[in-house]
Structures are given as structure tokens and as C-alpha cells.
Amino acid sequence: MLSRLGALLQEAVGAREPSIDLLQAFVEHWKGITHYYIESTDENTPAKKTDIPWRLKQMLDILVYEEQQQVAVGEAGPCLEYLLQHKILETLCTLGKAEVGGPLRPALSPATPLPNVSVLLLFQKLLRLSGTAPGSVTEKEEVQLTTVLCSKIQQDPELLAYILEGKKIVGRKKACGEPTALPKDTASHRDKDCSHDGAPARPQLDGEPCGAQALNSHMPAETEQLDGGTAESNLITSLLGLCQSKKSRVALKAQENLLLLVSVASPAAATYLVQSSPCCPAIVQHLCQLYRSMPVFLDPADIAALEGISWRLPSAPSDEASFPGKEALAAFLGWFDYCDHLITEAHTVVADALVKAVAEKFFVETLQPQLLHVSEQSILTSTALLTAMLHQLRSPALLREAAAFLLGTDRQPEAPRDNPHALYAHLIGHCDHLSDEISIATLRLFEELLQKPHEGIIRSLVLRNLEGRPYVAWGSPEPESYEDTLDLEEDPYFTDSFLDSGFQPRAKPRLAPATSYDGKTAVTEIVNSFLCLVPEEAKTSAFLEETGYDTYVHDAYGLFQECSSRVASWGWPLTPTPLDPHEPERPFFEGHFLRVLFDRMSRILDQPYSLNLQVTSVLSRLALFPHPHIHEYLLDPYISLAPGCRSLFSVLVRVIGDLMQRIQRVPQFPGKLLLVRKQLTGQAPGEQLDHQTLLQGVVVLEEFCKELAAIAFVKFPPHDPRQNLSPAPEGQV
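Our subject in this report is the structure included herewith. What you see is a predicted model, and the numbers here were worked out from it, not measured in a lab.

The rules we used
Here, residues in each chain are numbered from 1, in the same order as that chain's written sequence. Local features are withheld for residues below a pLDDT of 70 in this predicted model, meaning they are given only at 70 or higher, and side-chain atom pairs are given and counted only at 80 or more; totals for whole chains, interfaces and linings count all residues. Calculation of side-chain values draws on the structure's entire complement of heavy atoms; hydrogens and water are dropped beforehand. By the criteria applied, helices consist of DSSP H or I runs no shorter than four residues and strands consist of E runs no shorter than two, each listed in order from the N terminus. Think of it in three bands: with a 1.4 Å probe and only protein chains considered, a residue is buried below 20% of the maximum accessible area for its type, exposed above 50%, and partly exposed in between. Think of a polar contact as two N or O atoms within 3.5 Å of one another; within protein, one of them needs to be a possible hydrogen donor and the other a possible acceptor, and neighboring residues in sequence only count if both atoms come from side chains. The contact criterion used is simple: two residues touch if any of their non-hydrogen atoms lie within 4.5 Å. Should a side-chain nitrogen of Lys or Arg be within 4 Å of a carboxyl oxygen of Asp or Glu, the pair is scored as a salt bridge. The rule is short: rings of Phe, Tyr and Trp, with Trp giving its six-membered ring, pair when the centres are within 6.5 Å, and they are stacked under 30 degrees, edge-to-face over 60, tilted in between.

Mapped onto the secondary structure, Ser439 falls in helix α23 (residues 436-450). Under the relative-accessibility criterion, Ser439 is labelled buried at 0%. Here the side chain of Ser439 touches Arg600 through a polar contact of 2.9 Å, side chain to side chain. When residues no more than four places from it in sequence are discounted, the contact partners of Ser439 are His430, Cys431, Asp432, His433, Arg600 and Leu611.

On to unusual backbone geometry. Its identity is not glycine, yet Gln668 carries a phi of approximately 55 degrees, on the positive side. Mapping Gln668 onto the fold places it in the loop between α32 (648-663) and α33 (669-680). Residue classification places Gln668 among the exposed residues on the basis of a relative accessible area of 65%. Unlike most non-glycine residues, His691 shows phi in positive territory, near 60 degrees. Along the polypeptide, His691 turns up in the loop between α33 and α34 (692-714). Residue His691 is classed as partly exposed on the basis of its relative accessible area, which comes to 39%.

Summed over all chains, the structure comprises 21 salt bridges. Across the pair Asp61 and Lys57 runs a salt bridge, and its minimum N-O distance is 2.9 Å. Of this pair, Asp61 and Lys57 both sit in helix α3 (residues 52-69), separated by four residues, roughly a single helical turn. Glu703 is paired through a salt bridge with Arg677; the nearest N and O atoms lie 2.7 Å apart.

The next thing to look at is the side chain of Glu525. Within the secondary structure, Glu525 is located in helix α27 (residues 523-531). According to the relative accessible area criterion, Glu525 is buried, its value standing at 12%. Looking at Glu525, its side chain comes within polar contact range of the side chain of Tyr638, at 3.4 Å.

Moving on: the packing of aromatic side chains. The full count for this structure, using the stated rule, is 16 aromatic pairs. Centroid distance Tyr291 to Phe362: 5.6 Å. Interplanar angle 80 degrees. Geometry classified as edge-to-face. Linking Tyr291 in helix α16 (residues 279-292) with Phe362 in helix α19 (residues 348-371), this pair joins segments that are 71 residues apart in sequence. With relative accessibility at 10%, the residue Tyr291 sits in the buried group. Ring plane angle 70 degrees and centroid distance 5.5 Å describe the contact between Trp570 and Trp572, whose orientation is recorded as edge-to-face. By relative accessible area, Trp570 is classed as buried at 15%.

Shown next as C-alpha cells:
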């Protein structure tokens, strides 16, 4: 009974309580703000020490509450109408720029409702006023404001065109006879917000002075317009400025917002971004600045350690060793990764323009002079940086541009004395540089290129020279034995006295397998040819009970499957091109790339261990490609080579011949070779030995032959690389 009586009394009190007039409260708060500026005599008082922030918060709460109470979606309430008609936001923007009564920039909350193009343009103006100084104390509020704008644009992408161009886009549509309807949730407000000449109406409420009219004599003249002109793409420029903030969270949020805008841009907005905004040039300019800010010399090992930098996490893990220039390197690689993501996700118009800008301003004008420099430090650092960039590059468009920049666009077969693409010629020369470090770095660059999903790379480096199979001898009879295939009697290394010394390239010569111009040599013959190439006296792996050929088979199988998946869409033939007897015979040239690799391979016994590892690594990558011509030329020892031609196998045979002559001049060769292998595997102290370079080269040669045998095995049958084949049981071929 008492509880019911209490409820009735509470209801009666509530019935007598007058309802709050939201519009009247909203106007009173705005009057309080304007009266402060009209009556205040102390202009140095910060706004936060007055009641202005409280009144703005109350106005905001009223607008949010009013929006929540609206029944019809898209309809503006009386308070929002008042805000638009009296240009309250524009007045606050002007006060913020003039900094009358202290900075007002952070006063507006990002939660402010934005249902109207006029509101969007006013917020755009506020952003322009806020982003005038780098490192602003209001960066956090500015990036929050951009987030609100970008989220609204994400909901309605058509808004971006109005944000970027203001009323110019509407005027252009009128001139072209196109419909001028505003985007969905803004169209219903146009008639209410604008008069016949397109400017917002400004009626008074109860005759009271309001907004900019009342403050006109207390503020500097405002000359900037919202309909284009100086306003232009201030959302973009604000975001670009915030992307370079020293505060990592601010920069990351700005980058996410910019990525969102270029991905949802309409054709009109994308065209404007490219033609009338500094978007693409500014992005690439920052990339060039970050590149130039790095130290002149960076250790390639340090660069390789940071190859996995992401723009979302541009700093390296804290547990990694620090080195001079680490922070600058991480910032550069992070921004390059961001450019790559922008190109991948942006509208096609923006992506194409950004790719072109990166190619012209960064690749050609900034990076190329360093790659062509006479300074070894410049060459080494720029080559290692380029390798790191390629490692994290994912955009097909940017990859195509990078390949054209490095290798040129010529796809005709090469000639020994031609003049290739200038940068390509320099890079080939760097593979055989006097500096072993530069050679290793450049070979690593080519190895990275070979792992990218772009057919033009492998075609430019190798395939264009193998078309038509000019490396195969015409009309030569089938060889009757393995020695006939190798033409040992014509090789200067294979003299009668040398053969009498006991060297045999195979345990027992026998008839060559049935082979024809279809390239289908039996896999067991190929595998045994590589496994038996190194003579027993030069082998040491069996003495240490190390895993041998079977381990290479396991590794090669995974790499081959990965390579086959990458090239599956390139439409490569399953069998070698049949030789055309009516086709005029042309001299064969393996190409500049294979020539330098073969030259390096022929000197494996005289080169540093690390360089040999890199040369054999590149050749292994090449041999994995499932193109029948590559398989035949690099992995079939039984093809009849045209006069004057060499293949990978023939180069290895000559290296073995050189080795067998040198063995006779090295005392206690087997024991020293075994000790060097133990040193390389960490089983013996690394003391210096005589002929150490030679001995290390022999170890690499033995392992390389096992690796080639494993690759040949997993690629069986060569005419159908897509067929899966389980590795042979351990110890069998």
C-alpha cells in the first residue's frame, strides 16, 4: 500500500516538473560563449579556465541526445538546424585559428554528429587550421577527428568527393547536366541548409545576435572559402602530416585512415586525389627523405635482420641487437611497406599514380645513383636495402615496376657483345666485382628477384635465351657412352696422363640412357650423374655420418612445390619445344646472368666460402623452376650441346678436372679436407690451414652436387612438374 502511494506521489511530481526545452538550452549555452568574447577584456585567458569547455560539452550532449530521439533517420532536429543556420562550427573554426581566448581546437569532441555536407566541410576546415604546425600538442584530438570523418566516408564513400572538392564538384555536375543529389544521408538536408544561391541561410532566433554576426567586430577577417580554393584536400594533407608524427599511435592511426580513404575512393575522388592533391607526391617524398636520413653505410647483415619490418609495427623487437642507424632503417622499411600496402589496396587510379611516382622519384632519382656509385660502401648499402625492399614487396604493380627498373623491358635473346639495360649491366658486373662483399650482396639481390611471383623476371634473366633450344646440337648422333657425351678428349683438363691417374667421373661408364629431343632423360641416370660426379677421394660427408642426399630430397621437395605453385598461372609448356629442322641455326649465348654464374662456378675452388654458398644458392633456385628448357639445360647431363656451348654440368666436370690435378699437389689432402669439414660444421676449432680456400670449395662442391641430384629427383618426370612424387627411401636412388 505504501509502495503504491509512493509511486503515485512520484508520478504526480514528475507530471508537475516542466520539460526542458532543448533548443532553448542549446541557444543559451551558445549565447554564453559569444557573450564571453564580446564582453571579455582579458584575451590572454586560456579557454580551459573559462566555462567555454563546459558549455561546448553541454551543446554536444544536447546534439547527441537530440539525434538519439529522432524518429526519422536523416532528419535534422531543431538544435542541429540552429547549429547549421548560424554557422556555429565555422565560428569556432575561426576562433580556433585566431586563438582568441586560448586554443579551441581540441574543444570539439570527435563524437559530434556529421549528417550534413556543410558540417563535413566545416570539420575539414577545422582540420586544416589544426594541422598547421608539425608536432602539435593537439595531435591526438586531430587524429580522432580524422577518424570520425573517415568512418563517415567509409559508410558513404561518395562523401569523399565532397570533402575533397567542396561545392566545385556540384557546380561541375550542374555544368555537365548531371544530377546534383547529395549522398544518401545528406540529401534530405540540402534544402533546409542552403538558400537559392547555395549559401547556408542565417535566420535569427528571437532577434538575438548570434554566431559570426555578433563576433564580427572581435575577430580577424576570414578570407578562406569552403567551396574549393584553398580548402582543397585538407583532409589528405592533415593525414599526411599526422602520418609523420613522432607519436607512434598517432602516426599509425593516421596511416590507417589514409589507407581507408584511398581504398574506398570513388572514381571522381580518386581522380581528384591524383590530379589536384599532393597525396602521391607527398607519400613518395617522405619515402625519399627517410632513405636519405639513413647512415651512408649499413652492414648488410643488420639490414637483413630487419627485413620483416611492417608498417603496423615499424620498430624492431627490443631483444634484437642495436646498431647505428637502426631506428632510421626501421622507419624507412616501415614506410616502404606502407607504400606497398597503399598500392595494393588503393583505387586503381591512385595506385597507378603512386607506382609511377615511386618509380620516378625513388627508384630512378634516389636509389639508382647509389647503385651506380663508384663508392663500394654506397653500392653495398643500396644493394642490401633494395634486397630488403624486394623481400617485403607484395604489390604486383610495384613489383612489375621494380623488375623493369632493374632488368629493363627487352625480352629478345641476348648477345655476348650487346649493350643491355644500363642498371642491369652494372648489377651483372657487380656479381663479379673485385669486392666479394658486393658480389655476395648482388647475388643475394638476384636470388630474391627469382623468388618473386613475376614471370618477366625469369624470362628476362634466363628463358629468353633458351627459346628454341639453341643449346642442343643439330644432327649429332646419340652418344654411345658417358665419356662421349662429355667430350673428355677435347677438354684440356682431361689429358691421357690425367685419366691414367685414376679419376673417373662415374664409377663405371655405361651406355647413356635413351634420350631424345623431348628432354625425357631417366631420372635415375641424372641423379647418379650428379651424385657420382665428385670422386670418392674428394668426399668427406660419409666419414662424419652426416645426413646426405635424402635430407636434400626432403628440402628440395618443399621448395619445388612452392616454386611450382608460384608459377602455376604462367602457362608454361609441359615438354620442351620440338626442334624445327627448317629453323635457321643461331649461335647460342646463355645470357649475361647465366654467364656470370657459370664463370663464378668455374672458380669455386678459388673463391671464399661465403661467396661459393651464395653462387650455388642462386643456381639451385634457378634449377627449381619447372620450365622444361630450364630443366633440360641445367639438370640433364646427357643433352648433346651445340659447339661452343656449356651447361651447368659441363662447368662442374671441368671444375672436377681442375680439382683432381690440384689434389696431387696438396700433401695429406684427405685428412685436411676432413678437418675443414669439421671446422665448417663446428666440430673442430677454426684454425687456419694451408689451401683452406681450396678445401672449403671442395666441401661446397660435394654438397652442391647432392643438392642438384635431389632437385632433379623431385622434379621427375621433367615433362610434368606438377606430378607429385614421394622421395626415394633412404639410401636408394
